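# Residue-level structure breakdown
What follows is each chain in one-letter form.
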Amino acid sequence: MNGAIRNNWTIGEVEKIYHTPLLELIYQAATVHREHNETGEVQVCTLLSIKTGGCPEDCAYCPQAARYHTDINVQSLMQKDDVLSYAQKAKAAGSTRFCMGAAWREVRDNRDFDRVLEMVKGVNELGMEVCCTLGMLSEDQARKLADAGLYAYNHNLDTSAEYYSEIITTRTYDDRLQTLDNVRKAGVSVCCGGIIGLGEKHEDRIGMLHTLATLPEHPESVPVNALVRIKGTPLQDKAQVDVWDMIRMIATARIIMPKAMVRLSAGRAEMSTAEQSLCFMAGANSIFAGEKLLTTPNPSFDEDMQMFNLLGLQPREAFKNEMVAEA
Ligand code: SAM
Ligand code: DTB
Ligand code: SF4
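This section reports on the structure supplied with the text. (Residues numbered from 1 in each chain as written. Chains lettered and ligands numbered in written order. Predicted model: local features only at pLDDT ≥ 70, side-chain atom pairs only at ≥ 80, totals over all residues. Heavy atoms only, no water.)

Glancing now at the overall build of the chain. A count of helical and extended segments in the chain gives 12 helices and 10 strands. Taken over the C-alpha trace, the chain has a radius of gyration of 18 Å; the compact-globule value for 327 residues is 20 Å, and the two agree within 12%. Along the first, second and third principal axes, the C-alpha atoms of the chain reach 50 × 45 × 35 Å. Across the chain, every contact between residues at least 6 apart in sequence was considered, and the portion connecting residues at least 24 apart equals 75%. Accessible surface computed for the chain: about 14300 Å², of which carbon and sulfur atoms make up 49%. The chain carries 33 positive and 44 negative side-chain charges, and their two centres are separated by 2 Å. (Helix = DSSP H or I, 4+ residues; strand = E, 2+ residues; numbered from the N terminus. Rg over C-alpha atoms; globule rule 2.2 N^0.38 Å. Contact = heavy atoms within 4.5 Å. Areas by Shrake-Rupley, 256 points an atom, 1.4 Å probe, with all protein chains shown as cover. Lys, Arg positive; Asp, Glu negative; His and termini not counted. Charge placed at Lys NZ, Arg CZ, Asp CG, Glu CD.)

Here we take up the packing of aromatic side chains. Inspection of the entire model under this criterion finds 2 aromatic pairs. Relative to Phe319, the ring of Tyr151 lies with its centre 5.5 Å away and its plane at 75 degrees, an arrangement referred to as edge-to-face. One end of the pair, Tyr151, is in the loop between α5 (139–148) and β4 (152–154); the other, Phe319, is in the loop between β10 (314–315) and α12 (320–326), with 168 residues separating them in the sequence. The interplanar angle of 70 degrees and the centroid separation of 5.1 Å between the aromatic rings of Tyr164 and Tyr173 together place this pair among those described as edge-to-face. For the pair Tyr164 and Tyr173, a shared accessibility class is recorded, and that class is buried. Here the basic side chain of Arg6 rests over the ring of Trp9, its NZ or CZ set 4.1 Å away from the ring centre. (Phe/Tyr/Trp six-rings, centres within 6.5 Å; stacked < 30°, edge-to-face > 60°. Buried < 20%, exposed > 50% of the residue type's maximum accessible area, 1.4 Å probe, protein only. Lys NZ or Arg CZ within 6 Å of the ring centre and 35° of its normal.)

Turning to the site of ligand 1, a few remarks are in order. Close to ligand 1 lie 19 residues, the nearest being Tyr61, Asn156, Asp158, Arg176 and Val228. Taking Asp158, its side chain carries an N or O atom lying 2.7 Å from an oxygen atom of ligand 1. Residue Arg176 places a side-chain N or O atom 2.9 Å away from an oxygen atom belonging to ligand 1. Contact with the protein chains removes 91% of the 560 Å² of surface that ligand 1 exposes when unbound. (Near = heavy atom within 4 Å. Polar contact = N/O pair within 3.5 Å; in protein donor to acceptor, adjacent residues only side chain to side chain.)

Among the 6 residues in strand β7 (residues 221–226), 6 count as buried, and that is most of the element. Covered by surrounding structure in β7 are Ser221, Pro223 and Asn225 together with Val222, Val224 and Ala226, the residues of both alternating faces. Both strand β6 (residues 194–196) and β7 contribute to a ladder of 3 bridges, which runs parallel. Within β7, the position partnered with Ile195 by the bridge is Asn225. Direction of pairing for β7 relative to strand β8 (residues 261–264): parallel, over a ladder of 4 bridges. Paired with Pro223 across the strands is Arg263, a residue of β8. Traced from β7 through helix α9 (residues 243–256) to β8, the parallel crossover comes out right-handed. (Pairing = 2+ DSSP bridges. Right-handed = clockwise from strand over helix to strand, strands pointing away.)

What follows is about helix α1 (residues 11–18). Three- or four-residue spacings in an α-helix give side chains the same orientation, since the helix completes a turn every 3.6 residues. Every buried residue belonging to α1 is among Val14, Ile17 and Tyr18, and all of these are buried. Axial view of α1: buried residues confined to an arc of 100 degrees, hence all on one face. Of the surrounding elements, those touching the buried residues of α1 are α2 (22–36), α8 (202–213) and α9. (Arc of directions from axis to C-beta.)

Here is the structure:
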């Protein structure tokens, strides 16, 4: 095994890696991680839901879809100054990337979008990496976000092309890929991953990882989420994700996309420090920090800093890729 950057992985190769005996898989992933990245560094990102609930889409996992009866507090687009004060607090707590999420199917060219552009500008001026996740985007909208200072755009494939229609029927896998392409063309860093625990088979997880690793360029960030089971959604009664499955996903992602930031995303609230440390060992090098993800609980900054101290991990500086590129 070596950690060359490749975009021509075959399904068979990814399958073989994914099914490697677990400790051997972790060892191989850790080896690739050491070859390509500073293993003592973990990127700390903070999420904020800037527009919550009332979404017209039918994503079966999501508390924010209007059609399911969940306990969400629906909230229209926040004011710029309130968003900036959250970003400032996140920065003071040690976060270097701020990601704003909106429960939209797609971006529309209206006043709300103009306000988001102002938010992006403001967060960028704080010296943080700004990320947004706003649903589908045209190339023109992606360029406007880039001009306002957007650093990254999150748009997940969530699962395999084959399983997608079991989870979401209101848009297609190709719609997702098109938005990713629009983001790329605008020169914005791509954040794209998925969720496990949706009822998918191992082959769906392998299929999703294969799609990500055979994009023309690997996403710069790959979030791996464990399903947060939300009362009122069609997936409320799914089994809790097995932590070993998270580790297997993270390790496989690390091996096939050696330089991506692999983010241990939703699901940390239910994981022990020991379990999370195996994820870091297997190549995870980014987390969402702060008491809430978008709408669900997450470990506090203090708990995470204690974990970092215990494991000897350091928060990664902002804009590090650029610094390397300029050096
Ligand atoms: N509406 C936009 C979209 O769907 O692209 C952006 C916000 S959406 C909430 C962002 C991502 O959150 C989804 O793609 C999904 O991967 C993740 N997500 C939503 N609900 C989740 C849940 N219950 N458990 C785990 N991940 C979830
Ligand atoms: C991602 O992959 N996970 C984050 C972020 N990108 C936007 C969202 C997780 C959401 C978990 C459910 C919630 O808190 O609403
Ligand atoms: Fe809407 Fe995004 Fe939730 Fe799907 S995941 S229902 S698009 S907010």
